[in-house]
Amino acid sequence: SAAASSSAPAPTTAAAATAERTAVGDLVEALRVDVRTKLLDLLDEVSGRKALLLDSTIVGPLDLIVSPSDLKDHGVTNWYKLSEQAVAPSDCTQVIFLIRCARVELVEWVANQILADEVGGADRTYVVVFVPRKTKQCMECLNHSNVRANVKVVECGIHFFPTDRDIISMEMPGVFNDFHVRDNPSGAFYTAKALMFLQSKFGTFPTVHGIGAAAKVVIEVMSRLRREEQLSDAAKELKPTRGIAQPGVPPVAPLRPQSKEGLVAGQPASGQCTGAGAGGAERLPSVDEVIIVDRRVDLFSVLCSQFTYQALIDMVFGINNQSADLTGVAWAKERNKEQVRLSSEDVVYREVRDLHIDKLGPLLQEKAQAIQKTYAEKDNIKHASEMSEYIKKFKTAQSAHPLLELHINLAQSVRDAIQTDDYRQHLKFEDEITAQTAQTSLLECIEDWIDDLKPLHEVMRLLCLHSLVNNGIKKKDLDQTKKVILQAYGYEHLLTLCNLEKVGLLRYQQGKSGWSSIKQKFNLFPEDTTSDDISYAYSGYVPLSVRLVQMTKSVRGGWRGCRDALNLLWGSAEELKQIDEVDIAKPLVEIASPARPSVTLVVFVGGLTYGEMATLRKLSEQEGGRKFLVLTTELLNAKKLFKSLICEEVFNQPPVQASKAKAAAAAPARSGFGFWPGGR
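Here's a quick rundown of the structure. By convention here, each chain's residues receive numbers from 1 onward along its written sequence. The predicted nature of this model means local features are confined to residues of pLDDT at least 70 and side-chain atom pairs, given and counted, to a pLDDT of 80 or more, with totals for whole chains, interfaces and linings taken over all residues. To obtain the side-chain values, all non-hydrogen atoms of the structure were included, while hydrogens and water were left out.

Moving on, we come to the packing of aromatic side chains. By convention, a stacked pair of Phe, Tyr or Trp rings (six-membered ring in the case of Trp) has centres within 6.5 Å and planes under 30 degrees apart, an edge-to-face pair has planes over 60 apart, and any other such pair is tilted. Taken as a whole and judged by the stated rule, the model has 11 aromatic pairs. Ring geometry for phenylalanine 429 and tryptophan 449: centres 5.9 Å apart, planes at 75°, overall edge-to-face. Note that phenylalanine 429 is positioned in helix H15 (residues 421–434) and tryptophan 449 in helix H16 (residues 441–451), a separation of 20 residues in sequence. For the pair phenylalanine 429 and tryptophan 449, a shared accessibility class is recorded, and that class is buried. Aromatic side chains tyrosine 538 and tyrosine 541 sit 5.3 Å apart centroid to centroid with 85° between the ring planes, which places their arrangement in the edge-to-face category. The pair tyrosine 538 / tyrosine 541 is uniform in exposure class, with both members buried. By way of ring pairs, the aromatic residues Phe300, Trp515, Phe525, Tyr538 and Tyr541 are connected into one cluster. Here the basic side chain of lysine 428 rests over the ring of phenylalanine 429, its NZ or CZ set 5.1 Å away from the ring centre. Numbering of helices and strands runs from the N terminus; a helix is a DSSP stretch of H or I covering at least four residues, while a strand is a stretch of E covering at least two. To sort residues, take the accessible area from a 1.4 Å probe on protein chains only and compare it with the maximum for the residue type: under 20% means buried, over 50% means exposed, and anything in between is partly exposed. In this scheme, the term charge over a ring applies when either NZ of a lysine or CZ of an arginine sits within 6 Å of the ring centre and within 35 degrees of the ring normal.

As structure tokens, this is what we get:
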């Protein structure tokens, strides 16, 4: 909500940054190296010159892992985005297709490429790589397309891409729509597979919390996969003896080797954990707790306005794979910077990305004055000994100068976008909605915006927020609003409205609203906030998802101690204990030591907003001993959410009658007698 502006957080201290680098940054770096190694090893398996055809959802994230020079060093001469239209790779006798197994429709595009090469007389070797695994459905599609014999099928276990020092993203857009609209649980399944991979890499997670239907599926799949792994490991240990004295008697399981200390069987050694890592080696868990949040549990945080620098850039220009598209911005065109890279390697951006927009301007101005002061110091140098120190300061200021200039211009563009009358009016209505004081004038204004053909996602954001807060909209008012939407934006959005209703975003009013109870139980709008309060990112509102994460530690007994509050939310709360408390007592004490802060893995099934990420970072600063590593299916905002719920593919299909006529024309002529089909 856009309540009174809140102060921005203080910059991260050096000690906190060091702790983050050692506790979370090392984990993310290990994952980045793993993904990079898998990809490059895969390319090396196909020796010689090769072309790479990529799934569109992999193209951007791949740029965060490898560079074009890396691809060229490993034999890739050309790379293309896979599409329906076949390409003609020159001077390449080998083609590698890298696609997600969840996007089965791309197999048909692979077949189109292979068949087009056959028509053109090109003799090539084809390798189809499914990420993160090959599935029976994908193999059946290859057989159905009559190209199975032409390709070598490989799977590559890349589950996610590190997108920041504390974020790993699966880059799977549309998981929210797939699970809650299409009843397709594949996104939840692959999230569970990703978590199982993390367990194999860093050790078993002692405790897993989850809330929402998607989180429940993730936990169930994790339990099943872990049982299967344990049974598989047990079967490997039960090796039959060479000679069996009595036929039909089952072999005796071998005794486990005892440690030098003579431990009792079944008890772990001091400092060990029962979680088995890769290769079965026992190790301390690097992650102490996992919290899985289904996006549907907290849709408020996607619909409410965010006020951090990074979130506003995403709202105004959009951030995809750490890049912002500034096409059409005058100053960016003049400087030839229409595509701006926004990564944590940019020291200025890393410091200011989580600042409140009201505090951003003064800080950038202060930095600009410091650079000018450094430049002016050259006139005061009188001795040669002072010159070496000045050169160091000058080089630092000179490297920061273009970055600072970029962010000053970008911040000004963002501020201009949020100072329009329309934006201020949206904030006014948003405050009224969250305070439940909105009048009928809101729906009248929304109808006026529809008549003016305002962007659909801006209209639907406030309309759906109004519906969520009030447990629906009166039937008469909603029917009228739906009618106006269809007349203005087209009847293809009839299915969009149906999807919004199915996920609970837009529906008819059903009883009393529970919003006031949710606000009170979870303290979503704290009073007397300070500059250090975690509500700063939303100017007075604490994201419900972050409050759920906080309550695992702040409430006595964790989620078990606040069942009444959790019952107000959509979906059930789950808890999975993977290691007994007795077994992990000592390791957890060692992990929580100052030398190694506690690490909590927060998983968002359906997407994460930049405002929530900034709030989690602020919460980590406040709690001190707990660091957060975030795994998400994608990075989300309101525009992306509504775009995922539009059924464009349905209306892109050819008309039914035209399809039938085309099929009839292509059908072979049939002969018959009398009244049988084809007889006359």
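Now for the packing of helix H18 (residues 475–489) against helix H19 (residues 494–502). To get an axis, fit a line to the C-alpha atoms, keeping to the stretch in contact for a helix; angles then go from 0 to 180 degrees between the N-to-C directions. Two elements in contact, H18 and H19, have axes separated by 10 Å at closest approach and are oriented at 140°. Here H18 is positioned oblique relative to H19, judged by the angle of their axes. In contact with Lys482, Ile485 and Leu486 of H18, H19 contributes Leu494, Leu497 and Glu501. Looking at the contact of H18 with H19, its residues break down into 4 nonpolar, no polar and 2 charged. Each angle receives one of four descriptions, namely roughly parallel if under 35 degrees, roughly antiparallel if over 145, roughly perpendicular if within 65 to 115, and oblique otherwise. Between two residues, a contact is recorded if the distance between any of their heavy atoms is within 4.5 Å. Note on residue categories: nonpolar means Ala, Val, Leu, Ile, Met, Phe, Trp, Tyr, Cys or Pro, charged means Asp, Glu, Lys or Arg, and polar means any other residue, Gly included.

This part takes up the sheet that holds strand E11 (residues 323–325). DSSP bridges decide pairing: two strands pair if at least two such bridges lie between them. Reading across the sheet, the 3 strands line up as E10-E11-E12 and stay open at both edges, with antiparallel pairing between neighbours. At either margin of the open sheet sits one strand with a lone partner, and together these are strand E10 (319–320) and strand E12 (339–341). Where E10 lies against E11, 2 bridges are found, and the strand directions are antiparallel. Following the sheet pairing, isoleucine 319 is matched in E11 by alanine 324.

Once that is clear, we can look at helix H14 (residues 384–417). The periodicity of an α-helix, 3.6 residues per turn, causes residues three or four places apart in sequence to face the same way. For a helix, the expected span equals 1.5 Å multiplied by the number of residues minus one. Taking 1.5 Å of rise per residue, 34 residues should cover 50 Å, and H14 covers 49 Å from first to last C-alpha, within 8% of that figure. Its axis deflected by about 35° at histidine 401, H14 carries its strongest bend there, up to four residues before the proline proline 402. Those residues of H14 that sit buried are Tyr390, Ala397, Ala400, Leu404, Leu406, His407, Asn409, Leu410, Ala411, Ser413 and Val414. Close packing links the buried residues of H14 with helix H10 (309–316), helix H11 (330–334), E12, helix H12 (347–352) and helix H13 (357–376). Take the seven residues that end at a residue and the seven that start at it, fit an axis to each, and the angle between those axes is the bend at that residue.

Here we come to the pattern of salt bridges. A carboxyl oxygen of Asp or Glu within 4 Å of a side-chain nitrogen of Lys or Arg is what we treat as a salt bridge. Scanning the model with the defined rule gives 30 salt bridges in all. Aspartate 34 is the salt-bridge partner of lysine 38, the closest N and O atoms lying 3.4 Å from each other. Of this pair, lysine 38 and aspartate 34 both sit in helix H1 (residues 14–45), 4 residues apart, which is roughly one turn of the helix. Among the residues examined, lysine 38 registers a relative accessible area of 25% and is labelled partly exposed. Residue classification places aspartate 34 among the buried residues on the basis of a relative accessible area of 16%. One salt bridge in this structure joins aspartate 354 and arginine 617, with 3.1 Å as the shortest N-O distance.

Glancing now at the sheet that holds strand E1 (residues 50–54). Pairing within the open sheet is parallel, and its 5 strands lie in the order E2-E1-E3-E4-E5. Each edge of the sheet is formed by a strand with only one pairing partner; in this case those strands are strand E2 (76–81) and strand E5 (151–155). Across the sheet, the mean angle from the axis of one strand to that of its neighbour is 20°, orientation sign disregarded. Bridge analysis of strand E4 (residues 125–131) against E5 gives 5 bridges, and the strand direction is parallel. Bridge pairing links tyrosine 126 to valine 151 in E5. Relative to the sheet, helix H4 (residues 106–119) contacts E1, strand E3 (94–100), E4 and E5, its axis offset from that of E3 by approximately 165°.

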